[in-house]
Amino acid sequence: MVDNISSMINHNVLEVIFSYLDLADIRNCALVCRSWKHFLDDENSDVWRSHCIRKLPEEALKSDLMSSVPTYKMKLRAYYHAWNPNDCSRNVYIKPNGFTLHRNPVAQSTDAARGKQGFRQGRHTWEVIWEGPLGTVAVVGISTKEAALQCHGYVALLGSDDQSWGWNLVENHLLHNGDVQGSYPLLNNAPKYQVGERIRVILDCDENTLSFEKNYEFLGVAFRGLPGKKLYPTVSAVYGNTEVSMVYLGPPLDG
């Protein structure tokens, strides 16, 4: 009966109605009937376009930053997973595009930031692009809410305790609990990260592993035996005026 009624509503009318609802109401609408679900499953529809344009800064939508996020719905999801302006060092601020952090030029300080969303289940992928100088230490990885986001000196903050895991892009070292866990990737004369390259971070909460890709090449599992805690995308930086962007992509493409 519901499907019959909904089929009588012009799609243009549905677009207008859905474009004014919040995301929670849209999720509920997708459960009403097959017709509405099919309509909302189009991730490039005008419904998702209007929500995307309304929420995302124009600077982000027009930049190459979102090139790996093909649909309006995915762009909107990425925005809700971006850096958290309320969960970062006091020496870091999030730029108006919503996806890029900027570390202020503060001497003798290491500073970090976490994403808005943490993960305890499922498989998740996000891209990190280091857009400013690396400095002596530049670490990409994950942390729990208990991990520190600022400390004195120039150190590998991410990976300095048992609540964080990181890959130091400068020395190609894996870091956890204050120790070097080995070189990464496990290649002879592995090339160093070049500013502007895209790193894909792959968190598998089902297998409790963390892996990385660079330039679409899988580099292998970096960490195993991750805890069953909520884990957040995190980076730590030491260089003044360095900038790091993060874009959430969703589940890995391989399944």
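I will try to describe carefully the structure that is included in this document. (Residues numbered from 1 in each chain as written. Predicted model: local features only at pLDDT ≥ 70, side-chain atom pairs only at ≥ 80, totals over all residues. Heavy atoms only, no water.)

## Some words on the side chain of arginine 200
To be explicit about the condition: In this description a helix means any DSSP run of H or I spanning at least four residues, a strand means any run of E spanning at least two, and both kinds are numbered starting from the N terminus. N or O atoms within 3.5 Å of each other form a polar contact, as long as, within protein, one can give a hydrogen and the other can take it, and as long as residues adjacent in sequence are counted only when both atoms are side-chain atoms. The contact criterion used throughout is that any non-hydrogen atoms of two residues lie within 4.5 Å.
Relative to the elements of secondary structure, arginine 200 occurs in strand β11 (residues 198–204). A polar side-chain atom of arginine 200 sits 3.0 Å from a polar atom in the side chain of glutamate 127. Excluding residues within four positions of it along the chain, arginine 200 makes contact with Ser68, Thr125, Trp126, Glu127, Ser211, Phe212, Glu213, Tyr216, Leu249 and Leu253.

## Comments concerning the nonpolar core
Just so we agree on the cut-off: Here, the term nonpolar core denotes a set of buried Ala, Val, Leu, Ile, Met, Phe, Trp, Tyr and Cys residues that are joined through side-chain atoms within 4.5 Å. Think of it in three bands: with a 1.4 Å probe and only protein chains considered, a residue is buried below 20% of the maximum accessible area for its type, exposed above 50%, and partly exposed in between.
Core analysis: the biggest nonpolar cluster contains 36 residues, and Trp126, Trp130, Leu203 and Phe212 have the highest contact counts within it. Within the second largest apolar cluster, 16 residues are counted, among which are Cys52, Met66, Ala78 and Ala82.

## Here we look at the sheet that holds β11
Threshold: A pair of strands is treated as paired once DSSP finds two or more bridges between them. All axes here are fitted lines through C-alpha atoms, helices being fitted over the stretch that makes contact, and every angle between N-to-C directions spans 0 to 180 degrees.
In spatial order, the strands read β2-β3-β15-β5-β11-β12-β13; together these 7 strands make up an open sheet with antiparallel pairing. Of all strands in the sheet, those with a lone pairing partner are β2 (92–94) and β13 (217–223), marking the two edges. Recorded for the sheet is a direction-independent mean angle of 25 degrees between the axes of neighbouring strands. Sheet analysis places strand β12 (residues 209–214) next to β13, joined by 4 bridges and oriented antiparallel. Bridging across to β13, leucine 210 finds its partner in phenylalanine 223.

## Focus: the pattern of salt bridges
Under the convention used in this document: Salt bridge, as applied in this entry: a Lys or Arg side-chain nitrogen positioned within 4 Å of an Asp or Glu carboxyl oxygen.
Counting across every chain of the model gives 9 salt bridges. Put simply, aspartate 111 and arginine 103 hold a salt bridge, and the shortest N to O gap is 2.7 Å. Here the two residues aspartate 111 and arginine 103 agree in accessibility, since each one is buried. Across the pair arginine 200 and glutamate 127 runs a salt bridge whose closest N-O atoms are separated by 3.0 Å. Taken together, the residues span a long stretch of sequence, with arginine 200 in strand β11 and glutamate 127 in strand β5 (residues 123–130) at a distance of 73 residues. On the basis of relative accessibility, which here comes to 0%, the residue glutamate 127 falls in the buried class. Among the charged side chains, a network of salt bridges with common partners joins Asp87, Arg114 and Lys145.

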